[in-house]
Amino acid sequence: MSFSIEERGRENTPDYRVYFKNSEGKYISPFHDIPIYADEAENIFHAVVEVPRWTNAKMEIATKDALNPLIQDVKKGNLRYVANVFPHKGYIWNYGAIPQTWEDPGHKDADTGCCGDNDPIDVCDIGNKVCSRGEVIRVKVLGTLALIDEGETDWKVIVINTEDPEAADFNSIDDVRRLKPGYLEATFDWFRRYKVPDGKPENQFAFNGEFKDRDFAIETVKSTHEFWKALVAKKTDAGGLNCMNTCVLDSPFLCSGGDAKAVVDAAAAFGAEECIPSSADKSFFL
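Only a predicted model underlies this, so the values are computations on that prediction, with no experimental measurement involved.

Draft legend 1. View of the overall build of the protein chain. The number of helices and strands found in the protein chain is four helices and 16 strands. In summary, the protein chain has a C-alpha radius of gyration of 18 Å against a globular reference of 19 Å for 286 residues, a match within 12%. Across its three principal directions, the C-alpha atoms of the protein chain cover 50 × 45 × 40 Å. If you take every contact in the protein chain between residues at least 6 apart in sequence, the share linking residues at least 24 apart comes to 68%.

Following this line, the structure appears as structure tokens:
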């Protein structure tokens, strides 16, 4: 199963979009149409890379837009670039999401005591390869961190790309601690402080910031898949989320290939990128 992307608009502008296609050239939603499982029997999941490692542009699946393309987050009218909190530069992993998952804002998690953040579940790929924006990779789940972001549960699932030459050596969160010493501590520090340069307080965590193990993480991912199933079947309130899809056959939100193509055709034409503002290079010493 393979996927490709089609860029629209100009990179580093508000009209920039990254749309997805399947192997048949059919436009799809990365939120709803890419299967959660690459290999269900082995608990290998697909992950959509939103932000390649070492980059700053806060790209994300546009959950409220038709076909859910990748867009750059906007705050207070400005494109969002994650701050470099010393010693970090941009994102310190390939950052993305597992498709066909949803952290339900109407469900209070029994472990964290907080409701979901209304997004697909996030992943941090610790593999060696710096992936491309929009790349769809197969990942092995190793553990998870329970971030409490402004009162919402925001799971950060630690994964490794199955194509990584070292993937066979990583089967648990303890393997990460042993083979990549300091990486989990850096991950905790990154999520704790990344919003401080924007004037916000440090983030909080459930479980006192402890990384939970592989089995716990896999069950968490699977529970968010169940929430997504209810969402795409219109069995729960979607709020402002856009559930348009081209492949979920029993979904009332299923649309035709022609309707999907019309969405992409209506987007701005692909053009030359704008420069990343120099402010994105600044480091913050906290």
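Draft legend 2. Spotlight on the packing of aromatic side chains. A complete count under the given rule lists 16 aromatic pairs for this structure. Ring geometry for Trp-93 versus Tyr-95: centroids 5.9 Å apart, planes at 35 degrees, classification tilted. Per residue, the accessibility class of Trp-93 equals that of Tyr-95, and both read buried. On the numbers, 5.7 Å between centres and 55 degrees between planes, the contact of Trp-155 with Phe-216 is tilted. Within this pair, whereas Trp-155 is found in strand E14 (residues 152-161), its partner Phe-216 is found in helix H3 (residues 214-232), the two being separated by 61 residues in sequence.

Draft legend 3. Quick look at the pattern of salt bridges. If you walk through the whole model with that rule in mind, you get 22 salt bridges. Between Arg-8 and Asp-265 there is a salt bridge, and its shortest N-O distance comes to 3.9 Å. Of the two residues, Arg-8 is situated in strand E1 (residues 3-8) and Asp-265 in helix H4 (residues 257-265); the sequence distance between them amounts to 257 residues. In this structure, a network of salt bridges that share partners links the residues Glu-6, Arg-8, Lys-21, Lys-261 and Asp-265.

Draft legend 4. Quick peek at unusual backbone geometry. Here the residue pair Phe-86 and Pro-87 is connected by a cis peptide bond, since its omega of 10 degrees sits within 30 degrees of zero. Relative to the helices and strands, Pro-87 is located in the loop between strand E10 (84-85) and strand E11 (94-97). Its identity is not glycine, yet Asn-68 carries a phi of approximately 50 degrees, on the positive side. Among the structural elements, Asn-68 can be located in the loop between strand E6 (59-61) and strand E7 (70-72). The backbone of Lys-234 sits at a positive phi, close to 65 degrees, despite the residue not being glycine. Tracing the chain through its elements places Lys-234 in the loop between H3 and H4. Among the residues examined, Lys-234 registers a relative accessible area of 58% and is labelled exposed.

Quick notes on the rules
- Residues numbered from 1 in each chain as written.
- Predicted model: local features only at pLDDT ≥ 70, side-chain atom pairs only at ≥ 80, totals over all residues.
- Heavy atoms only, no water.
- Helix = DSSP H or I, 4+ residues; strand = E, 2+ residues; numbered from the N terminus.
- Rg over C-alpha atoms; globule rule 2.2 N^0.38 Å.
- Contact = heavy atoms within 4.5 Å.
- Phe/Tyr/Trp six-rings, centres within 6.5 Å; stacked < 30°, edge-to-face > 60°.
- Buried < 20%, exposed > 50% of the residue type's maximum accessible area, 1.4 Å probe, protein only.
- Salt bridge = Lys/Arg side-chain N within 4 Å of Asp/Glu carboxyl O.

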